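Now for the letters of each chain:
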Amino acid sequence: MEEKQSSLLHKISKVISDFFNPLVSLILYFVYMSMKEYSLQDSILYFLPILLMVIIPVVIWLVWNVKTGRYTNMDVSNRVQRKTLYIFIAACVVAYLAFNYIKNGYIDLVMLFILVLLFALQISNLFIKSSMHTAFNVFVAALFFTLDWKMGLVWLGIAILVGITRVILKRHTVKEVFMGAGIAFLVSFIYLYCNIQFQH
């Protein structure tokens, strides 16, 4: 009976962890933000470059590296394997930031802080493998908070739940989850401060 409960808990944790991975969480934020802030045409014009220059290349990179055996799994749980993932995502984000600046004449604050979060996680990875799932969901909560504080609180609850699932699935220790959350809280606080400053 206890084994069945443990197995069920593991399955539920896997579903939650897989669904609220960093890419899906960011896509959900961009969809919500687009519906709330832009017309359909403006949403497509804003989101399409992010999709083509960041999201799709990262998904292809992950699938290719898992298929060729360079990454153990799609989560890239191995600390050594993570280095190339961070570098690749950062390169995609930098390419998008440059494209957006040349095309629109401004720096996309959200994507800039995603880059900052990636660098912070990369530095942390040299000492401790901090939870990327937890970190990104905490940051997504901050992004939602700028649009609707209730959604921000809901997503913070999701981030906590995701952190718990990472421990249950043995992908991270409690310390690694707290490290990811701590880094994301710091980056989120700076992002929210900058967001408020730029609105005035």
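Further up the page is the structure itself.
**Section: the overall build of the protein**
Now for step 1: Across its full length, the protein holds 8 helices and 0 strands.
Now for step 2: Listed by position from the N terminus, the elements making up the protein come as α-α-α-α-α-α-α-α.
Now for step 3: The principal-axis extents of the C-alpha atoms in the protein amount to approximately 55 × 40 × 30 Å.
Now for step 4: When burial is assessed residue by residue, the protein has 46% of its 200 residues classed as buried.

**Remarks on a nonpolar patch on the surface**
Now for step 1: Where nonpolar side chains cluster on the molecular surface, the patch consists of Leu 40, Ile 44, Leu 48, Leu 52, Ile 56 and Ile 60 and spans about 580 Å² of accessible area.
Now for step 2: For Leu 52, the location among the structural elements is in helix H3 (residues 40–67).

**Some points on the pattern of salt bridges**
Now for step 1: If you walk through the whole model with that rule in mind, you get 3 salt bridges.
Now for step 2: Note that Asp 18 and Lys 14 form a salt bridge whose closest N and O atoms lie 3.0 Å from each other. Pair noted here: Asp 18 and Lys 14 are both in helix H1 (residues 2–19), with a separation of 4 residues, about one helical turn.
Now for step 3: Judged by relative accessible area, which is 35%, Asp 18 ranks as partly exposed.
Now for step 4: Exposure remark for Lys 14: the relative accessible area of 37% places this residue in the partly exposed category.
Now for step 5: With a closest N to O distance of 2.3 Å, Asp 75 and Arg 171 form a salt bridge. Residue Asp 75 is found in the loop between H3 and helix H4 (79–104), and its partner Arg 171 is found in the loop between helix H7 (149–168) and helix H8 (174–199); the two are separated by 96 residues along the sequence.

**What about the packing of aromatic side chains?**
Now for step 1: If you walk through the whole model with that rule in mind, you get 13 aromatic pairs.
Now for step 2: With a centroid separation of 4.9 Å and an interplanar angle of 90°, the aromatic rings of Phe 19 and Phe 20 are classed as edge-to-face.
Now for step 3: Consider the rings of Phe 113 and Tyr 191, whose centres lie 5.5 Å apart with planes at 70°: the pair is edge-to-face. Of the two residues, Phe 113 is situated in helix H5 (residues 109–125) and Tyr 191 in helix H8; the sequence distance between them amounts to 78 residues. Just as Phe 113 is buried, Tyr 191 falls in that class too.
Now for step 4: Here the aromatic cluster, defined as three or more aromatic residues joined through ring pairs, consists of Phe 19, Phe 20, Tyr 29, Phe 30, Tyr 32, Tyr 38, Tyr 46, Phe 47, Phe 144 and Trp 155.

**Digging into the environment of Met 179**
Now for step 1: Tracing the sequence through the fold places Met 179 in helix H8.
Now for step 2: Considered as a pair, Met 179 and Leu 23 are 156 residues apart in the sequence and their alpha carbons are 20 Å apart.

**Here we look at the environment of Asn 125**
Now for step 1: Counting through the fold element by element, Asn 125 comes out in helix H5.
Now for step 2: For the pair Asn 125 and Gln 197, spaced 72 residues apart in sequence, the C-alpha separation works out to 31 Å.
Now for step 3: Apart from the residues lying within four places of it in its own chain, the contact partners of Asn 125 are Arg 79, Arg 82, Lys 83 and Tyr 86.

**Some details on H4**
Now for step 1: With 26 residues, H4 should reach 38 Å at 1.5 Å per residue; the first-to-last C-alpha distance of 37 Å fits that figure.
Now for step 2: Those residues of H4 that fall on the buried side of the exposure criterion are Gln 81, Arg 82, Leu 85, Tyr 86, Ile 89, Ala 90, Cys 92, Val 93, Tyr 96, Leu 97 and Asn 100.
Now for step 3: Buried-residue contacts for H4 involve H3, H5 and helix H6 (132–147).
Now for step 4: Positive phi appears at Gly 105, one or two residues downstream of H4, with a value of about 80°.

**Quick word on the side chain of Ser 131**
Now for step 1: Inspection of the secondary structure assignment puts Ser 131 in the loop between H5 and H6.
Now for step 2: Residue classification places Ser 131 among the buried positions, given a relative accessible area of 0%.

**Description of the environment of Val 58**
Now for step 1: Residue position: Val 58 is located in helix H3.
Now for step 2: Given the relative accessible area of 3%, Val 58 is considered buried.
Now for step 3: With 17 residues separating them along the chain, Val 58 and Asp 75 place their C-alpha atoms 12 Å apart.
Now for step 4: The residues contacting Val 58, other than those within four sequence positions of it, are Leu 23, Phe 88, Ile 89 and Cys 92.

So, how was this worked out
Residues numbered from 1 in each chain as written. Predicted model: local features only at pLDDT ≥ 70, side-chain atom pairs only at ≥ 80, totals over all residues. Heavy atoms only, no water. Helix = DSSP H or I, 4+ residues; strand = E, 2+ residues; numbered from the N terminus. Buried < 20%, exposed > 50% of the residue type's maximum accessible area, 1.4 Å probe, protein only. Patch = residues over 30% accessible without salt bridge, like charges linked within 9 Å, V, L, I, M, F, W, Y side chains within 5 Å. Areas by Shrake-Rupley, 256 points an atom, 1.4 Å probe, with all protein chains shown as cover. Salt bridge = Lys/Arg side-chain N within 4 Å of Asp/Glu carboxyl O. Phe/Tyr/Trp six-rings, centres within 6.5 Å; stacked < 30°, edge-to-face > 60°. Contact = heavy atoms within 4.5 Å. Expected span 1.5 Å × (residues − 1).

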